[in-house]
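Descriptive analysis of the structure
Chain by chain, the residues run as shown.
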Amino acid sequence: MAEPAGQGGRRALARRLPGAAGLAAVAGLAWVGRDVPAALGGRLTGARAERAARSPQFRDGTFHNRPGSRSMPGAVDRNLVRELIFGKQKRRPSAEVPLLRPADAPAAADGRELNVVWYGHASTLVEIEGRRVLLDPVWSDRCSPSALVGPRRLHEPPVGLHELPAVDAILISHDHYDHLDMATVRELTARQAAPFLVPLGVGAHLDRWGVPEHRIVELDWSESHRVGELTITATAAQHFSGRGLRRDGTLWSSWVVAGAHRRVFYTGDSGYFDGYAEIGAEHGPFDVTLMQIGAYDRAWPSIHMFPEEAVAAHLDLRGGLFVPVHWATFNLALHDWSEPVDRLWAEAKARDVRLAVPRPGERVVVDDPPPVDGWWQAVA
């Protein structure tokens, strides 16, 4: 019996649909993942590789922490995976994180102004003696090579990249995605004229992303670069690096920003180590320290500080005002969202440390900081 008119065509179409859907899915994944290879960054080659090989921190093809310190554990802790899936921690705020939009800061009459604007996570603007230095800017929705997967923001940036004032330098502490973001770098390259100051090897990523060579300044630990009247120095940290399967192909660092009268220290990411006392003795005292307090865990005690260790490091550094960073914006560990700053506040009180805890976007005038008001407790 002959098939009714059109029925054979419909059956043939039905047979083709699964294949077409599969091809469409593959094409969609390819479209979504088109930027992933570029986001992984570049590799050390040529003169950049030769310079890295001469670093005291480089041996056997990779960068290393100081002798005697450990890096990120190589194996995944089963307990950590279980906690990630079944843990009861409250890892997100229960309400919207309050954001502020900083007004333009008036320059101090004596040229000694020192202000800090924290945008969330580690992204911070330092206004020092008439200059502006931007630290670890990440404006993307996710800290990941993919726009679809990876830790997503818990709050929006308080201002857009197009709203940032002209900056004089952009500092990168290391190449992890929550500190070095391809989309942000590309937009800053187009919108700003400032140089990027980075640890050894990180320039390979910037080079791949179109940053002009004359705007890339790579520094080893203890090396400095002048930006106007500022001296910016890469200092030691205890961490690791890597954007793909290869680890420690670029260096990590903390930073000292020193003017004629004011001094700032930024940890980047680091475990607690005796290098802080050495940095404090050589470069301190500091008017303000920007200290990593979040994303800690007993499974990686050597590469991120617990809040109490951050206070100890601040004292080692001979710091004045303590401003916490590396919390509130991305969910990168198993502790409660507000636990880092709660622990910090208690330890700062116990050790008589001056503390400011700004809302994202809030300007802290270092000589007249706002009192700690526990604002995060209302949204925790």
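Read on for a plain summary of the structure. (Residues numbered from 1 in each chain as written. Predicted model: local features only at pLDDT ≥ 70, side-chain atom pairs only at ≥ 80, totals over all residues. Heavy atoms only, no water.)

On to the side chain of T267, then. One can find T267 in the loop between β12 (263–266) and α7 (275–283). Of note is the side chain of T267, whose polar atom sits 3.1 Å from the backbone nitrogen of Q292. Ignoring sequence-local partners within four residues, the contact set of T267 consists of A237, S253, S254, Y276, L290, M291, Q292 and M305. (Helix = DSSP H or I, 4+ residues; strand = E, 2+ residues; numbered from the N terminus. Polar contact = N/O pair within 3.5 Å; in protein donor to acceptor, adjacent residues only side chain to side chain. Contact = heavy atoms within 4.5 Å.)

Here we take up empty space enclosed by the protein. If you walk through the whole model with that rule in mind, you get 2 cavities of 30 Å³ or more. A328, F330, N331, L332 and H335 are, among the 15 residues lining the largest cavity, the residues nearest its centre. What lines the second largest cavity is Y119, G120, H121, A122, S123, V138, R153, D178, T329 and F330. Its residues assigned to classes, the lining of the second largest cavity shows 4 nonpolar, 4 polar and 2 charged. (1 Å grid on protein atoms, 1.4 Å probe; cavity = no way out; pocket = protein on both sides within 12 Å on 5 of 7 lines; lining within 4 Å. Points joined across faces, edges and corners; volume = space filled by probe spheres on them. Nonpolar A, V, L, I, M, F, W, Y, C, P; charged D, E, K, R; others polar.)

Residue position: T250 is located in the loop between β10 (230–235) and β11 (254–258). Polar side-chain contacts of T250 include one of 2.9 Å to the side chain of D175. Leave out the neighbours within four places in its chain, and T250 touches L44, F63, D175, L200, G201, V202, H205 and S241.

As enumerated under the stated definition, the model contains 17 salt bridges in all. The shortest N-O distance in the salt bridge between E163 and R101 comes to 2.2 Å. One end of the pair, E163, is in the loop between β5 (131–135) and β6 (169–171); the other, R101, is in the loop between α4 (78–86) and β3 (114–120), with 62 residues separating them in the sequence. The exposed category is assigned to R101, whose relative accessible area is 56%. Of the charged contacts in the structure, one is a salt bridge between R131 and D168, with a shortest N-O distance of 3.1 Å. Linking R131 in strand β5 with D168 in the loop between β5 and β6, this pair joins segments that are 37 residues apart in sequence. Three or more residues are tied together by salt bridges with common partners; here these are R48, E213 and E218. (Salt bridge = Lys/Arg side-chain N within 4 Å of Asp/Glu carboxyl O. Buried < 20%, exposed > 50% of the residue type's maximum accessible area, 1.4 Å probe, protein only.)

Moving on to the environment of W375. Looking at the secondary structure, you find W375 in the segment after β16 (363–365). The buried category is assigned to W375, whose relative accessible area is 5%. Distance from W375 to R359, taken between C-alpha atoms, is 7.8 Å for residues 16 residues apart in sequence. Once residues within four sequence positions are removed from consideration, W375 is found in contact with V97, P98, W327, W337, V357, P358, R359 and P360. Here the side chain of W375 touches V357 through a polar contact of 2.9 Å, landing on its backbone oxygen.

Below, the discussion takes up the nonpolar core. Counting 68 residues, the largest nonpolar core has I232, L290 and W327 as the members making the most contacts within it. Counting 25 residues, the second largest nonpolar core, distinct from the first, contains A38, W139, W209 and V211. (Core = buried A, V, L, I, M, F, W, Y, C linked by side-chain atoms within 4.5 Å.)

Our next topic: the environment of P358. Examined against the element boundaries, P358 turns out to sit in the loop between β15 (354–355) and β16. Assessed through its relative accessible area of 2%, P358 is described here as buried. Between the C-alpha atoms of P358 and P370, which are 12 residues apart in sequence, the distance is 7.9 Å. Those residues within four positions of P358 in sequence are excluded, and the remaining contacts are W118, V323, V364 and W375.

Residues G275, Y276, I279, G280 and H283 constitute the buried set of α7. Looking straight down α7, one finds its buried side chains confined to an arc of 140°; they lie on one side. Turned more than 90 degrees away from the buried face of α7 sit A281 and E282, all of them exposed. Tucked into the core, α7 has its buried residues touching β10, β11, β12, β13 (286–292) and α8 (307–316). (Arc of directions from axis to C-beta.)

One open sheet accounts for 7 strands, arranged β8-β7-β6-β5-β4-β3-β16; its pairing is mixed. Either end of the sheet is taken by a strand with one partner, and the two such strands are β8 (216–219) and β16. Pairs of neighbouring strands in the sheet enclose a mean axial angle of 20°, with direction left out of account. In the sheet, strand β4 (residues 123–128) pairs with β5 via 5 bridges, with the strands oriented antiparallel. When the sheet's bridge partners are listed, L125 is paired in β5 with L134. (Pairing = 2+ DSSP bridges. Axes fitted to C-alpha atoms, helices over the stretch in contact; angles between N-to-C directions.)

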